[in-house]
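Inside the fold
Spelled out from the first residue to the last, the chains are:
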Amino acid sequence: MSEQQQSQQLDSEDRKIITLARSARARNGVPEGAAVRDETGRTYVAGTVALASLELTALQAAVAMAVASGAKSLEAAAVVGEASIPAEVDTAAVRDLGGPGTPLMLAGPEGELLAVHHA
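Residues numbered from 1 in each chain as written. Predicted model: local features only at pLDDT ≥ 70, side-chain atom pairs only at ≥ 80, totals over all residues. Heavy atoms only, no water.

Brief notes about the confidence of the model for the chain
The pLDDT averaged across the chain works out to 93; a share of 93% of its residues lies at or above 70. Counting contacts from residues 1–7, a segment whose pLDDT is below 50, to residues more than four positions away or on other chains yields 7 contacts. (pLDDT = per-residue confidence, 0-100. Contact = heavy atoms within 4.5 Å.)

With respect to the packing of helix α3 (residues 58–68) against helix α4 (residues 88–98)
At their nearest, the axes of α3 and α4 sit 9 Å apart, and the two run at 20° to each other. With respect to α4, the axis of α3 lies roughly parallel. Crossing of α3 over α4 shows left-handed handedness. Counted together, L59, Q60, V63, A66 and V67 of α3 and V89, D90, A93, V94 and L97 of α4 form the full contact between these two elements. Here the contact of α3 with α4 is built from residues that sort into 8 nonpolar, 1 polar and 1 charged. (Axes fitted to C-alpha atoms, helices over the stretch in contact; angles between N-to-C directions. Helix = DSSP H or I, 4+ residues; strand = E, 2+ residues; numbered from the N terminus. Parallel < 35°, antiparallel > 145°, perpendicular 65-115°, else oblique. Left-handed = near helix turned anticlockwise from the far one by under 90°. Nonpolar A, V, L, I, M, F, W, Y, C, P; charged D, E, K, R; others polar.)

Quick look at the nonpolar core
Counting 20 residues, the largest nonpolar core has V36, L59, V63, A66 and L74 as the members making the most contacts within it. It is α3 that contributes the most residues to this core, 6 residues altogether. Sequence-distant contacts of L59, defined by excluding residues within four places in its chain, comprise A34, V36, A77, A78, V79, D90, V94 and L104. Counting residues in hydrophobic clusters, the runner-up holds 11 residues, among them L10, A76, A78 and V80. (Core = buried A, V, L, I, M, F, W, Y, C linked by side-chain atoms within 4.5 Å. Buried < 20%, exposed > 50% of the residue type's maximum accessible area, 1.4 Å probe, protein only.)

Comments concerning the sheet that holds strand β7 (residues 113–118)
The 5 strands lie next to each other as β2-β1-β5-β6-β7, forming an open sheet whose pairing is mixed. The sheet is open, and its two edges are formed by β2 (43–47) and β7, each paired on a single side. Pairwise comparison of adjacent strand axes, ignoring direction, gives a mean angle of 15° for this sheet. Bridge count between strand β1 (residues 33–38) and strand β5 (residues 74–80): 6 bridges; the pairing is antiparallel. Bridge pairing links D38 to L74 in β5. In the packing of α3 onto the sheet, the strands contacted are β1, β2, β5 and β6 (103–107), and the crossing angle to β2 comes to about 140°. In this fold α4 packs onto β5 and β6, with an angle of close to 165° to the strand it touches most, β5. (Pairing = 2+ DSSP bridges.)

What about α4?
Of all the residues in α4, the buried ones are D90, T91, A93, V94, L97 and G98. For α4, the buried positions fall inside an angular range of 160° around the axis, keeping them on one side. Exposed and facing more than 90 degrees away from the buried side of α4 are E88 and D96. Contact partners of the buried residues in α4: α3, β5 and β6. Residue G99 follows α4 closely and has a positive phi angle near 90°. (Arc of directions from axis to C-beta.)

Here you go:
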């Protein structure tokens, strides 16, 4: 998808959460970075968590941070990594907080939009 097509499909707030997710991935050296935007416009950013006692996808961690901070709903979610389709656990986490139809954007490692799915 070209940059022009991407900018036509995404508003500035959606581009922002993709950029934040990409930054988390790069900064932490993890397989995925994710970001979500809640109903008030606040954003929550996380990377993949891989501990001996706790494993979370980046998106699960971002949704957990939103819930722990008092978010009641999600407007959008983004994952940056190598996946071409969202993991079912990611779709479920977005659906749990955002409801059916919440946009879940997948972007490649360089932040290029690959697809928009709905929870």
